[in-house]
Amino acid sequence: MAEIVLCRVDTRLLHGQIVTRWKQQLNLTKCIIVDNELPKNDLLSQIYISAAPADMKVKIYDEAKAIRIWNKNQFAEGRVLLLLNNIEGCLTLAEGGVDIKAVQLGGLPGAPGRVMVAKSVQVNKEELEVLRKLRDRGIEVYAQMTPENERVGFDAIERKVTQS
């Protein structure tokens with residue numbers, strides 16, 4: 001059985017910060033990208049796969065397939081980075097039985113209605129509701145761009161979003 005070492009939400013998905021900082025920090029051996037559109041785009045999928053270091057396996061699944069594979073063999077083996085580009089997908093996976101212990105918010109850019117909760121991490125009120133549901137399931141929720149950045153917990157995220 002694989003161990004989900006990090007479940008990260010980052011709109012950029014697999015990029016340099018992840019492969020240089022988080023991979024080394026956490027000794028990650030596999031990246032599972034969960035996105036409902038990416039598996040339909042062979043060219044873009046290959047670009048993400050080739051962006052990973054040679055010693056890191058990359059798999060790309062839509063949400064339904066990720067749940068099926070988890071329930072079948074728990075992603076086989078390895079130290080897994082579960083990578084999504086939206087917060088709602090984390091809740092879908094958790095509700096589907098994927099063993100997510102924590103959700104890290106990474107690069108989530110600004111847009112109307114979004115509030116800065118940590119460096120380069122912005123969340124809106126609808127996303128906060130999804131984060132509450134994750135927290136209520138016993139899943140730790142926090143924002144942190146890189147290992148060097150301060151970890152901002154759910155309570156601070158909630159305070160910032162509700163006070164805006």
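We now turn to the structure provided with this report.

### Quick look at helix 5 (residues 125–136)
Its twelve residues place the ends of helix 5 16 Å apart at the C-alpha level, agreeing with the 16 Å of an ideal helix rising 1.5 Å per residue. Burial in helix 5 covers these residues: E127, L128, V130, L131, R132 and L134. Against the buried residues of helix 5 lie helix 4 (87–95), strand 5 (102–105), strand 7 (121–123), strand 8 (140–143) and helix 6 (154–162). Regarding helix 5, its N-cap is N124, as a side-chain oxygen of that residue lies 3.1 Å from the backbone nitrogen of E126 further along. Among the residues trailing helix 5, G138 stands out with phi positive, at a value near 90 degrees.

### Details of the packing of helix 5 against helix 6
For the pair helix 5 and helix 6, the least separation of the axes is 10 Å and the interaxial angle reads 155 degrees. In terms of orientation, helix 5 and helix 6 fall into the roughly antiparallel class. Of the two elements, helix 5 crosses helix 6, and the hand of that crossing is left-handed. In this structure, helix 5 uses K125, L128, L131, R132 and R135 to contact helix 6, whose residues at the interface are F154, I157, E158, V161 and T162. Here the residues of the contact of helix 5 with helix 6 are counted per class, giving five nonpolar, one polar and four charged.

### Let's talk about the nonpolar core
One recurring pattern in soluble globular proteins is that nonpolar side chains are buried together. With 43 residues, the main nonpolar core has L82, L105 and L134 as its most contacted residues. For this core, the leading source of residues is helix 4, giving five residues. The contacts of L105, once residues within four sequence positions are left out, are V9, I87, V121, V123, L131, Y142, A143, Q144 and I157. Core analysis: the next-biggest nonpolar cluster, separate from the first, contains 18 residues, I18, V19, I33 and L38 among them.

### Side note on a nonpolar patch on the surface
A grouping of L43, L44 and I47 is seen on the molecular surface, where their side chains present a nonpolar patch of about 280 Å² in accessible area. By the element assignment, L43 lies in helix 2 (residues 42–51). Of the residues examined, L43 reaches a relative accessible area of 62% and is grouped as exposed.

### Some remarks on a positive patch on the surface
Residues K57, K59, K65 and R68 make up a contiguous surface patch of positive charge. Inspection of the secondary structure assignment puts K65 in helix 3 (residues 63–73). The exposure class of K65 is partly exposed, given its relative accessible area of 37%.

### Focus: the packing of aromatic side chains
Taken as a whole and assessed by the stated rule, the structure comprises one aromatic pair. Centre to centre, the rings of W70 and F75 are 5.1 Å apart; their planes meet at 65 degrees, and the pair counts as edge-to-face. Assigned by exposure class, W70 and F75 land together as buried. Over the ring of Y142 we find R151; its NZ or CZ atom is 3.7 Å from the centre of that ring.

### Looking at the pairing of strand 2 (residues 30–34)
Counted residue by residue, strand 2 has five buried out of five residues, so it is predominantly covered. Of the two faces of strand 2, both are covered, the one formed by K30, I32 and V34 as well as the one formed by C31 and I33. Inspection of the sheet shows strand 2 paired to strand 3 (residues 57–61) by five bridges, in the parallel sense. For V34, the partnering residue across the bridge sits in strand 3 and is Y61. Of the crossover connections in this fold, the one passing from strand 2 over helix 2 to the parallel strand 3 is right-handed. Where strand 2 meets strand 4 (residues 79–84), five bridges bridge the pair, whose relative direction is parallel.

Criteria and cut-off values
Residues numbered from 1 in each chain as written. Predicted model: local features only at pLDDT ≥ 70, side-chain atom pairs only at ≥ 80, totals over all residues. Heavy atoms only, no water. Helix = DSSP H or I, 4+ residues; strand = E, 2+ residues; numbered from the N terminus. Expected span 1.5 Å × (residues − 1). Buried < 20%, exposed > 50% of the residue type's maximum accessible area, 1.4 Å probe, protein only. Contact = heavy atoms within 4.5 Å. Polar contact = N/O pair within 3.5 Å; in protein donor to acceptor, adjacent residues only side chain to side chain. Axes fitted to C-alpha atoms, helices over the stretch in contact; angles between N-to-C directions. Parallel < 35°, antiparallel > 145°, perpendicular 65-115°, else oblique. Left-handed = near helix turned anticlockwise from the far one by under 90°. Nonpolar A, V, L, I, M, F, W, Y, C, P; charged D, E, K, R; others polar. Core = buried A, V, L, I, M, F, W, Y, C linked by side-chain atoms within 4.5 Å. Patch = residues over 30% accessible without salt bridge, like charges linked within 9 Å, V, L, I, M, F, W, Y side chains within 5 Å. Areas by Shrake-Rupley, 256 points an atom, 1.4 Å probe, with all protein chains shown as cover. Salt bridge = Lys/Arg side-chain N within 4 Å of Asp/Glu carboxyl O. Lys, Arg positive; Asp, Glu negative; His and termini not counted. Charge placed at Lys NZ, Arg CZ, Asp CG, Glu CD. Phe/Tyr/Trp six-rings, centres within 6.5 Å; stacked < 30°, edge-to-face > 60°. Lys NZ or Arg CZ within 6 Å of the ring centre and 35° of its normal. Pairing = 2+ DSSP bridges. Right-handed = clockwise from strand over helix to strand, strands pointing away.

Any link to function would need more than the numbers given here.
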